[in-house]
Amino acid sequence: MVIKDTFKDIVDMLAELKDTSELMVDLAYSSILLNNKELAQEVATLEEHVDDLHTKFELLVLTRCISPQESKDYLGLIRLGVVTEKIADAAMQIAGVVLRGLQPHPVLKLAIKEAEETVVHAHVSKKSPLVGKTLREAQVHEETGMWVLCIKRADKWIRPKPDTVIEAGDQFIASGYAEGADDLKRLTNAEKRMK
Amino acid sequence: MHGLDKLEYKPISVRDLLVEMKDLSELMIDLAYSAALFNSRPLAEEVIEMERRVDNLAYQLDMSAMLAAKSPRDAESLVAVSVVASAADKISDAAGDIAGIVIREIGIHPIVREAFEKVEEHLTRVEIQKGSVWANKTLHELELAPKMGVDVIAIRRDKEFIINPEKDELVLEGDIVIARGAPLGIEEFERLAGRTMPAGRS
């Protein structure tokens, strides 16, 4: 049924908008902490994606035949979409610092490190129990409280999906509470600590 | 809508201000989505209150950053701090916008609840029942974060909220606990907590 399908599309798009906007904020802070232009560029790419997705989302909501009683609920839906777009813009503003090549004041890195939610780099060693598992099987978040934001494999940045298979040599960029960082490093069996 | 607070310079370090702005802005997003999901006006009001605080912090930070700049080089490195702080402020405004949807009773479409079943980070709300094994334990003792990757972002006790409770906070009978985490962790949390609250009235 057509109507049902639009409903599902709207649900999926809203979920993706929310997830992407929050991922972008974490990636943007990571790009500053690691002074990494590739990560900042990833945020810029995602921002364009969010802009497109948000437009499609609004068009899709507007093409639903909305009764006057429903209009308030749909307005709420549209506003939630706008919010995710705002968050994505804020993330882009943060990543912009790195892309413009500004040399941020040291307090900036200190503040990001000191915040409740921090960003860490973890290297997956050959011995790690994670090697060969998918991210779904690895349950990194349940085990450590850390979210894997991005995986660097050789020179490529991979955005983690549940069925991404973890390989030895992968580098995780993960965010979460500071206490989880040690657990994550234990799990990835980091041989050496990144700065 | 509200009167704006009078501002004056206070000697607070840029670093402390930025840490607080970053922490608050990220917490506010989850609290605001919770307010929408559980249709909780009181929680939405807390978010609006926090938004005001972040607004004030943004001014304080800019004042401190201005005073810290003694040379063009200082200005270049401090402008990055100010840009990031203003981004945190934008994020807190976005959270305020979500809270506004609840406060203005604009309505939360069923699609929103369905979408929240699909997002990476799940939010839940449980009530601590009489005689629950969780009652009178601290959050630290419950080991929610290490065992299931779940963190408590707010506790409602009587009419008051404890936002972002400390680890030594006791959980009491009748408390409503709002938490975030990965789907599997949240499922376990709900199972152990005993009873989840239906969406709707808060």
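Quick notes on the rules
Residues numbered from 1 in each chain as written. Chains lettered and ligands numbered in written order. Predicted model: local features only at pLDDT ≥ 70, side-chain atom pairs only at ≥ 80, totals over all residues. Helix = DSSP H or I, 4+ residues; strand = E, 2+ residues; numbered from the N terminus. Buried ≥ 20, exposed ≤ 12 C-beta atoms within 10 Å, placed from the backbone. Contact = placed C-beta atoms within 7 Å. Pairing = 2+ DSSP bridges. Axes fitted to C-alpha atoms, helices over the stretch in contact; angles between N-to-C directions. Domains from an automatic or database assignment. Nonpolar A, V, L, I, M, F, W, Y, C, P; charged D, E, K, R; others polar. Arc of directions from axis to C-beta.

This part is about the overall build of chain A. Each helix and strand in chain A was counted, giving seven helices and four strands. Across chain A, helices and strands are ordered from the amino to the carboxyl terminus as α-α-α-α-β-α-α-β-β-β-α. With respect to the principal axes defined by its C-alpha atoms, chain A has extents near 60 × 40 × 30 Å. Residue burial in chain A is summarised as follows: out of 195 residues, 47% are buried. Relative to all contacts within chain A whose residues are 6 or more apart in sequence, the contacts with residues 24 or more apart total 81%.

Here we come to the sheet that holds strand E1 (residues 117-123) of chain A. Residues and elements named next belong to chain A. Spatial ordering of the open sheet is given by E1-E4-E2-E3, a layout of four strands whose pairing is antiparallel. The sheet is open, and its two borders are formed by E1 and strand E3 (156-158), each paired with just one other strand. On average, each strand axis in the sheet is tilted by 20 degrees relative to the strand beside it, whichever way the strands run.

This paragraph deals with the sheet that holds strand E6 (residues 176-181) of chain B. Residue and element names in this part refer to chain B. Within the open sheet, the four strands sit side by side as E1-E6-E3-E4. Their pairing is antiparallel. The sheet terminates laterally at strand E1 (122-127) and strand E4 (160-163), the two strands that pair on one side only. Neighbour-to-neighbour, the strand axes of the sheet open up by a mean angle of 20 degrees, direction not taken into account. Judged from the four bridges that link them, strand E3 (residues 150-157) and E4 form a sheet pairing that is antiparallel. Bridge assignment links Ala154 to a residue of E4, and that residue is Ile163.

Next up on the list: the domain arrangement of chain A. Residues and elements named next belong to chain A. Considered domain by domain, chain A is made up of domain 1 (2-106) and domain 2 (116-188). Centre-to-centre separation of domain 1 and domain 2, based on C-alpha positions: 24 Å. With 10 residues of domain 1 at the contact, the number on the domain 2 side is seven residues. Broken down by secondary-structure element, the contributors of at least two residues to the side of domain 1 that touches domain 2 are helix H1 (2-33) and helix H2 (37-63). By residue number, the principal contributor to the side of domain 1 that touches domain 2 is H1, which donates six residues.

Residues and elements named next belong to chain B. Under the domain assignment, chain B is made up of domain 1 (14-103) and domain 2 (120-193). One C-alpha centre belongs to domain 1, the other to domain 2; they are set 25 Å apart. Taken residue by residue, the interface counts 10 residues in domain 1 and nine residues in domain 2. Residue assignment for the side of domain 1 that touches domain 2 shows that the elements contributing at least two residues are helix H1 (14-37) and helix H2 (41-68). In terms of residue count, the dominant contributor to the side of domain 1 that touches domain 2 is H1 (six residues). Taken together, the residues of the side of domain 1 that touches domain 2 break down into seven nonpolar, one polar and two charged.

All names here are of chain A. When we look at burial in helix H7 (residues 178-188), the residues that qualify are Gly180, Ala181, Leu184, Lys185, Leu187 and Thr188. Around the axis of H7, the buried residues are gathered within 160 degrees of arc, so they sit on the same side. Elements that come into contact with the buried residues of H7 comprise E1, helix H6 (140-144) and strand E4 (171-177). Looking one or two residues past H7, Asn189 carries a phi angle of roughly 55 degrees, positive in sign.

All names here are of chain B. Positive phi outside glycine occurs at Asn39, with the angle close to 45 degrees. Mapped onto the secondary structure, Asn39 falls in the loop between H1 and H2. Judged by local crowding, Asn39 falls into the partly exposed class, with 16 C-beta atoms found within 10 Å.

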